[in-house]
Amino acid sequence: MRPLTLDSLNPAVKKVQYAVRGELAIKAEEYRVRLAEGDKGLPFDKVISSNIGNPQQKGLDQPPITFVRQVAALMEWPALAELAPNVFPQDVRARAKELQEEIGSIERDGYPSDPGHIFLTGGASAGVSLLISMLVTSPKDGVLIPIPQYPLYTATLAQHNGAALPYHLDESSGWSTSAESIEAAIEKAHREGIVSKALVIINPGNPTGALLDEETQVQLIELCEKYSLVLLADEVYQANLHHPDSHPFTSFKKLVAKHQSPIPLVSFHSISKGVSGECGRRGGYFECTNISDEVLAEIYKMVSVGLCPPVSGQIGVDCMVRPPKPGDESYELWKKETDTIHAALASRTKTMAERLNALPGVSCVDSPGALYLYPQIRLSQKAQETARKAGKEPDAFYALALLDETGICVVPGSGFGQKEGEWHYRLTCLCPGVDEYVGKLEKFHRGFVEKYGA
Ligand SMILES: Cc1ncc(COP(=O)(O)O)c(C=O)c1O
């Protein structure tokens, strides 16, 4: 019998990279096991998971929203409503009952939505993966992706043998997106014989936390019109806004409808982020706008091949898009829980950005949205050479040293993409005990600079 070897796998799989769960995360896990086994030889007594945007992960402190879990409990076992008559608020009971029945017409962001154009998915990742697999027909088909980007996009494109066409976000203006830089990427691809088929926009951004203004969004829509691009709008962080009054979120769906643009748009949302933070329940949806009936039928077929997403995720999506309203019995608690989550994230983000900016050789854009900061670190020639000798990218070398010394796990910028000669890392703003945690980070950084020079 022939053994299953690496060489017999699809070579595209070997090209896939996903730094969020890469070397740093694996080493952090080893440290966690050593600590649990009572190892006293490490210079820290806990591992801090600043590498991952899973709000409910152990060690991070975003609790689940009560409303979601109560509706889920009644959906799992409807008899509970009778067995525990005083436990569940009236609106929770009504919602669970309603969800057993059929859903009628809906609207989103003030414009009508056709339920037939919305597909429930096991998280946004499943939808992104499906769309990319359907759009890429040859290695000469390209998808424009922001740099830095969430590595789902490069990974999925590598898997499906499509071309990732990078366009750079501008760090000097708060990680802004410009139509010109995308246009330059389209032209470059064209010269290389690659067709740009779709444009990925992550808004609010991961890892940057940047938020688009409406003017830029309209320019991007016009760009899609000019170059016949499908717009893939990844809007999974739309509820993670730190200053919603001065920096609100506007969906592409709303602007495409408002401007009556004909561009094909697919917008993605998820229950993994926002106040819901339910990564493990696997829920999300994508909505298709201006997609022809023939193509919709193919999407419907392919979604059907994957069967339905978990019921837990579907319940989560319903509770996310229809949270309790003022006057509902669950409203007060829901409001308190969500306000607490927003306030904690906003204040941690602000504190962390301020303190990072005060460090020598560090500059950090203060993000208005999402869950992350993406500071730039200046690394000396000596640090870069030592890193290269160790076979590491300089930012990965820095991040490994940070983990070894403090137990703080971050993700090096090389996992998201950055300009040549620049170094970053991404850290999540979900970790509690900011004072202690950032204190450790500051001490490490100063020590690193002392050792390797600025
Ligand atoms: C920008 C972005 N899109 C999509 C996803 C995937 O989310 P889901 O858990 O819904 O698959 C993530 C997760 O971190 C993300 O950051």
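Keep in mind that this is a model prediction, so the values were computed, not measured.

What counts and how
- Residues numbered from 1 in each chain as written.
- Predicted model: local features only at pLDDT ≥ 70, side-chain atom pairs only at ≥ 80, totals over all residues.
- Heavy atoms only, no water.
- Helix = DSSP H or I, 4+ residues; strand = E, 2+ residues; numbered from the N terminus.
- Buried < 20%, exposed > 50% of the residue type's maximum accessible area, 1.4 Å probe, protein only.
- Near = heavy atom within 4 Å.
- Polar contact = N/O pair within 3.5 Å; in protein donor to acceptor, adjacent residues only side chain to side chain.
- Areas by Shrake-Rupley, 256 points an atom, 1.4 Å probe, with all protein chains shown as cover.
- Nonpolar A, V, L, I, M, F, W, Y, C, P; charged D, E, K, R; others polar.
- Phe/Tyr/Trp six-rings, centres within 6.5 Å; stacked < 30°, edge-to-face > 60°.
- Lys NZ or Arg CZ within 6 Å of the ring centre and 35° of its normal.
- Domains from an automatic or database assignment.
- Buried area = accessible area lost by both parts, 1.4 Å probe.
- Salt bridge = Lys/Arg side-chain N within 4 Å of Asp/Glu carboxyl O.
- Axes fitted to C-alpha atoms, helices over the stretch in contact; angles between N-to-C directions.
- Parallel < 35°, antiparallel > 145°, perpendicular 65-115°, else oblique.
- Left-handed = near helix turned anticlockwise from the far one by under 90°.
- Contact = heavy atoms within 4.5 Å.
- Pairing = 2+ DSSP bridges.
- Right-handed = clockwise from strand over helix to strand, strands pointing away.

K.L.:
Explain the environment of Thr216 to me, using residue names and the numbers behind them.
P.N.:
One can find Thr216 in helix H9 (residues 214-227). The class of Thr216 is buried, set by a relative accessible area of 13%. In the structure, Thr216 is positioned 197 residues away from Ala19 in sequence and 29 Å away in space, judged by C-alpha atoms.

K.L.:
Before we move on, can you summarise the site of the ligand with the specific residues and values?
P.N.:
Around the ligand, a shell composed of 13 residues is seen, among which Ala124, Ser125, Asp234, Tyr237 and Ser270 lie nearest. Tyr237 is positioned such that a nitrogen or oxygen atom in its side chain is 2.6 Å from an oxygen atom of the ligand. Lys273 places a polar side-chain atom, nitrogen or oxygen, 3.0 Å from an oxygen atom of the ligand. Expressed as a share of its isolated accessible area of 400 Å², the protein-covered part of the ligand is 94%. The class makeup of the residues in the shell around the ligand is 5 nonpolar, 5 polar and 3 charged.

K.L.:
Describe the packing of aromatic side chains, and please don't skip the residues or the numbers.
P.N.:
Under the defined criterion, the tally for this structure stands at 15 aromatic pairs. Taken together through their ring pairs, the aromatic side chains of Phe397, Tyr398, Tyr425, Phe444, Phe448 and Tyr452 make up a single cluster. Positioned over the ring face of Tyr372 is Arg426, at 4.0 Å from the centre of the ring.

K.L.:
Account for the domain arrangement of the protein, naming residues and giving values.
P.N.:
With domains assigned, the protein is organised as domain 1 (7-61 + 336-452) and domain 2 (103-321). Spacing between the C-alpha centres of domain 1 and domain 2 amounts to 26 Å. Contact with domain 2 buries area across many residues of domain 1, yet Val365, Pro368 and Phe416 alone supply 20% of it, more than any other trio. Here domain 1 is connected to domain 2 by 0 salt bridges. Mapped by element, the contributors of at least two residues to the side of domain 1 that touches domain 2 are helix H1 (11-15), helix H13 (331-357) and strand E12 (372-373). When grouped by side-chain class, the residues that make up the side of domain 1 that touches domain 2 number 17 nonpolar, 15 polar and 4 charged.

K.L.:
So, the packing of helix H3 (residues 66-76) against helix H5 (residues 90-100): which residues are in play, and what are the values?
P.N.:
Contact geometry for H3 and H5: axes closest at 9 Å, N-to-C directions at 50°. In terms of orientation, H3 lies oblique with respect to H5. The hand of the H3/H5 crossing is right-handed. Along the contact surface, H3 presents Phe67, Gln70, Val71, Leu74 and Met75, while H5 presents Asp91, Val92, Arg93, Arg95, Ala96, Leu99 and Gln100. Broken down by class, the residue content of the contact of H3 with H5 amounts to 7 nonpolar, 2 polar and 3 charged.

K.L.:
I'd like a description of the pairing of strand E5 (residues 141-147), backed by residues and values.
P.N.:
Here E5 lies mainly inside the structure; 7 of its 7 residues are buried. Taking every second residue as pointing to the same face, both faces of E5 are buried, with Asp141, Val143, Ile145 and Ile147 on one and Gly142, Leu144 and Pro146 on the other. Here E5 pairs with strand E7 (residues 195-202) via 4 bridges, running parallel. Counted as the bridge partner of Leu144 is Leu199 from E7. As judged from the 6 bridges shared by E5 and strand E6 (residues 163-168), these two strands associate in the parallel manner. Across the sheet, Val143 pairs through a bridge with Ala164, a residue of E6. Read from E5 through helix H7 (residues 152-159) to E6, the crossover connection turns out right-handed.

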